[in-house]
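Residue-level structural notes
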Amino acid sequence: MRPDKKIFSLMMAILSIVQLYAQNTTDTVRTIKIDVLVGLQFDLVRFNVKPGEKLNLIFSNSDDMSHNLLITKPGARLEVVNEALKLGQKGPEMDYIPISSSVLWSIPVVNPNQFRTLSFTAPKQEGVYPYVCTLPGHGFIMFGAMYVNSDGRMPELKDDSNIPPNRRVGDNSFSGTQHTNHQVKGEDQAVKIKALHPYTPVSPYIYRVFIDGASPAAIAVSLPGDLSYCWDAGTCKLRFAWRGGFLDNSELWKGKGDVSAKVVGNLFFRDKTQFPLSFSADNNAPKLDYKGYKLIKRYPEFHYTINGIDVYELILPKADGKGLSRTFRIPNVKSTVWFNTDQSDGVKYEALTGSWEGNRLKLTSKEAREFSIIMSVKEGGLL
Amino acid sequence: MKYKVISIYITVMLLFTCPERLFSQITNESYRVETIKMPDGLTSETGAVEFLPDGRLVASFTRGEVMTYNTLTKEWKLFAEGLHDPLGILVISNSELLIMQRPELTRVKDTDGDGIADLYEKVTDDFGLSGNYHEFNYGPVKDKDDNLFIALNSSSGGGNIRSEVRGQINPLGRESGSKGQMFSNLPYRGWMMKLGKDGKLQPFASGFRSPNGIGFDLEGNLFATDNQGDWIGTSPLHHVQEGRFYGHPGSLVWQKGWNRGNPFLLPIPVLDSMRTRGAVLFPHGIIANSPTQPVCDNTSGKFGPFSGQLIIGEMNKERIVRVMLERVGGELQGACIPFIDGNGLRKGNNRLAFAPDGSLWIGQNAHGWLGDMGIQRIVFTGKQPADIYSMNLTEKGFDLIFTEPLDVSTAINPENFKFRHYYYKYQSKYGSDQFDIQNVPVTGIKISNDRKKVSLTLASLKPGYVYELNLGDIKTSTGNSLNNKLICYTLNKLKSSSVN
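What counts and how
Residues numbered from 1 in each chain as written. Chains lettered and ligands numbered in written order. Predicted model: local features only at pLDDT ≥ 70, side-chain atom pairs only at ≥ 80, totals over all residues. Helix = DSSP H or I, 4+ residues; strand = E, 2+ residues; numbered from the N terminus. Rg over C-alpha atoms; globule rule 2.2 N^0.38 Å. Buried ≥ 20, exposed ≤ 12 C-beta atoms within 10 Å, placed from the backbone. Contact = placed C-beta atoms within 7 Å. Pairing = 2+ DSSP bridges. Axes fitted to C-alpha atoms, helices over the stretch in contact; angles between N-to-C directions. Core = buried A, V, L, I, M, F, W, Y, C linked by C-beta atoms within 7 Å. Domains from an automatic or database assignment. Nonpolar A, V, L, I, M, F, W, Y, C, P; charged D, E, K, R; others polar. pLDDT = per-residue confidence, 0-100. Arc of directions from axis to C-beta.

**Things to note about the overall build of chain B**
Helices and strands together make up the secondary structure of chain B, namely four helices and 32 strands. Rg of the C-alpha trace for chain B: 24 Å, near the compact-globule value of 23 Å for 500 residues, within the 12% margin. Its C-alpha atoms put chain B at 80 × 60 × 40 Å along the principal axes. When each of the 500 residues of chain B is scored for burial, the buried share is 52%. Within chain B, contacts between residues at least 6 apart in sequence are counted, and of these 59% link residues at least 24 apart.

**Some points on the pairing of strand 23 (residues 337-340) of chain A**
Residues and elements named next belong to chain A. Both strand 18 (residues 277-278) and strand 23 contribute to a ladder of two bridges, which runs antiparallel. Across the sheet, the residue bridging to L277 is F339, located in strand 23. Sheet topology note: the strand 23/strand 26 (residues 360-363) ladder contains four bridges and is antiparallel. By the bridge assignment for strand 26, N340 is matched with R360.

**Quick notes on the sheet that holds strand 9 (residues 127-132) of chain A**
In a beta sheet, neighbouring strands pair by backbone hydrogen bonds and run either parallel or antiparallel. Residue and element names in this part refer to chain A. An order of 4-10-9-6-7 is seen for the five strands of this open sheet, with the pairing classed as mixed. With one partner strand each, in any of the chains shown, strand 4 (46-49) and strand 7 (103-110) form the two edges of the open sheet. The average undirected angle you get between the axes of adjacent strands in this sheet is 20°. With five bridges connecting them, strand 6 (residues 67-72) and strand 7 associate as antiparallel partners. The partner of I71 across the bridge, within strand 7, is W105.

**Observations concerning the sheet that holds strand 5 (residues 54-61) of chain A**
Residues and elements named next belong to chain A. Strand order across the open sheet formed by three strands is 1-5-8, with mixed pairing between neighbours. The sheet is open, and its two edges are formed by strand 1 (29-34) and strand 8 (114-121), each paired on a single side. Neighbour-to-neighbour, the strand axes of the sheet open up by a mean angle of 20°, direction not taken into account. Across six bridges, strand 1 lies against strand 5 in parallel orientation.

**Considering the nonpolar core**
Judged by nonpolar contacts, the single largest core of 175 residues is most densely connected at A220(A), I150(B), M192(B) and M193(B). By residue number, the principal contributor to this core is strand 20 (residues 319-328) of chain B, which donates six residues. Not counting residues within four places of it along the chain, the set of residues in contact with A220(A) comprises I206(A), Y207(A), V209(A), I211(A), S228(A), C230(A), L247(A) and A261(A). Judged by nonpolar contacts, the second largest core, of 41 residues, contains F59(A), A145(A), V148(A) and I163(A).

**Quick look at the domain arrangement of chain B**
Residues and elements named next belong to chain B. Along its sequence, chain B is organised into domain 1 (31-380) and domain 2 (388-491). Taken over C-alpha atoms, the centre of domain 1 sits 30 Å from the centre of domain 2. Residue-level contacts link 29 residues of domain 1 with 24 residues of domain 2. Elements with a contribution of two residues or more to the side of domain 1 that touches domain 2: helix 3 (268-274), strand 17 (280-281), strand 20 and strand 21 (331-341). No other element matches the six residues that strand 21 contributes to the side of domain 1 that touches domain 2. Residues of the side of domain 1 that touches domain 2, tallied by class, amount to 15 nonpolar, ten polar and four charged.

**Here we look at the interface of chain A and chain B**
Between chain A and chain B, the contact holds 50 residues from the first and 58 residues from the second. Elements represented by at least two residues in the side of chain A that touches chain B include exactly helix 1 (3-26), strand 11 (205-208) and strand 19 (288-296) of chain A. The leading source of residues in the side of chain A that touches chain B is strand 19 of chain A, at six residues.

**Regarding the confidence of the model for chain A**
Residue and element names in this part refer to chain A. Confidence in the prediction of chain A, expressed as mean pLDDT, is 87, and 85% of residues score 70 or more. Here residues 20-26 is a poorly scored stretch, pLDDT under 50, and it has two contacts once near neighbours within four places are set aside; other chains count. Across residues 171-192, confidence stays below pLDDT 50; counting only partners more than four residues off in sequence or on other chains, it has 31 contacts.

**Quick word on helix 2 (residues 77-86) of chain A**
All names here are of chain A. For helix 2, the complete set of buried residues consists of R77, V80, V81, E83 and A84. For helix 2, the angular spread of the buried residues around the axis is 160°, confining them to a single face. Buried residues along helix 2 sit against strand 6, strand 7, strand 9 and strand 10 (143-148). Just past helix 2, the residue G88 takes up positive phi, approximately 55°.

**Regarding the confidence of the model for chain B**
Residues and elements named next belong to chain B. Taken over all residues, the pLDDT of chain B has a mean of 93, while the share at 70 or more is 93%. Across residues 1-28 the pLDDT falls below 50, and counting only partners more than four positions away or on other chains, this stretch makes four contacts in the model. Across the assembled chains, the prediction reports ipTM 0.91 with pTM 0.88.

**Quick look at the environment of P385(B)**
Residue and element names in this part refer to chain B. Relative to the assigned elements, P385 resides in the loop between strand 24 (374-380) and strand 25 (388-393). Note on P385: 21 C-beta atoms within 10 Å, which makes it buried. As for P385 and Y120, which are separated by 265 residues in sequence, their C-alpha atoms are 45 Å apart. Those residues in contact with P385, other than ones at most four positions away along the chain, are S30, G304, T403 and N483.

In structure tokens form, the structure reads like this:
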């Protein structure tokens, strides 16, 4: 957690303690906390109060846009939202709060990482009192409902027409673009899962995404047979590989995307070398430069340079589906080439050319012009 | 008399029977908004729209797709996939694009002629990347000498950075306080970068917070919009010039030879004296909250009378904004005015491009903020809009030029010109209130012989203020009302202080 958020949270905590203390002494004021979620939503979409109950509303804003909060007469939300829009160029100086008898209480604009409080007494009249942010464009989707009644009744969440439609399915759910991204298997699932793209992705295919265990310039590739790997353009190497699925991007593609893609399946390989290829025995930190990839029958062949020498790497599923086959081309290499491995990286190696020296495969410059490495999943060897 | 009654009767009948069709005819709108049907299964959060030499549209989307659209057959076709949040396209040919994605600027090319890209070649990735969600990259745009320009968003104080980053972190690029400001602790976040023909990416100008939209005008001036927030009182349009600093401090740590420590700790007057102010400010909540790409009307009249002016998208409203600029005291400044408001336009107006036929295509996006999805286009119907063509500063006030001759009686009525001024503070706080809001009386009105130019004298003019003008019910000589009645001029420099 970063310092600014810490302080913000600390202030909120102190405020809560103050509220608790106030509650203990007066024993009549209830505190309601409302914050803002990504995508123009209040975190609390509805709550229940008793008629005439004394309330303290803390409205905090952990979003990165400014918001206000108005409580209106029952049924008057849209009217108030439209009145706020009509303020036009007077909106900013009035905190987008229209002068209207339909506005019962209001909290002016709260900037990101700020909060404001409002003390009020709930209406005597039972009913559903909307609360809404009236910044231009927000009011049509950013609202909630204060239920005022003595018996605490509220409709089933899914049937509650007083809250935004995408919140009627449980508090942590969003409608629309959220769905899993497992490889679709069979017709039944294909029908159920909403399309991720205007086409059905056919392996091999690529997502450039943020993914844990790699640099932010990662490339994730789905191979036929439920094999997947992450090749990292930031470090010019295969970082890890897994079986049993590809990626779940649902969190990544929802909202602002402050998360990573999730690996679906089980890791069977993770690179542990400083760098898998070296052009001299001492394997000093090579100078790497990523160049791009070319699709060969949809399989990417990565191109990069090591100390200025072109290297091409094509990764295919192993014939039996239980590993990867990596083909390197280094057409202009003039020196001996070593391919480095680590015993704890999860796989067994085979090579048709070159000679093994411990964990390193030694290739003559001629052999290194094109060579293949087979990486097989070790028995029970999931990482 | 009888005819008149009959014609009214017919009009009423027609209105009653087919209101929609008739309405669009009798109102004679100058611009029509059309919605493009998107392919099934596409989450059409649009990151870029451009046109290929053969006339097809090419667009990129948040989930990494790049698709082409044949405007005649209305067919969508996939060109490339798997890109990371592609937010900009520069068209090289029908089979080759430069695409700005998160990790790099990429050449995406179909080398075997099957219509599908097969080569994804890095053009440059010589900038820092922390994985922070706000590190969007914009552009590229090309100048007359074939240099490319890209803009790099600052990182968000509200977001995370990954354990593995690209580039060497400089902690001085981030404030140590508690305000959650945007930051630049990796190279060149918050910079406009120039990619020369030698392939080297060079820092060009600093101080950007969230420059979601860059573009050139017809004279070769480079512009970038920025978004209201910390250090940005209200969203500006910047005229971007080499070596200048545009206000958001974090990026200064990457200035060559920077030795003044954490720029967030410099006194505000010092930072203020270093910065170049926005050429045009979009008053927040009044003109735009989140302006996007500036495109220059290069249609030579196919899109109406505003050739050479800038058209800019707005994310938060159903609005497109128009900007008119002039040089005062050696610097560009000018006015902004709503251009399309509603009329079927959606929100999220993120990317704009003129089609060969002169229509303006709009790619829409939300990306977790306020917006919409899809693509719409705006077509000039041929009916001259009744609007302000330009607003120019004079020594005593402003000259307004209209697209149509005006009705003299409404045009010389001072009640129809309500000015107020205000300014925004340069501060670390998120956004700025309007300060010193004052009505400014109009003390003199003159109209030109052709009745298209109205010269207004104001009681006072102060540099550093926005002059907001609300027009009353001014009519054209043919009795039409004006399309837009609100215009805001950013007065950075007074005319009288002009050197030239």
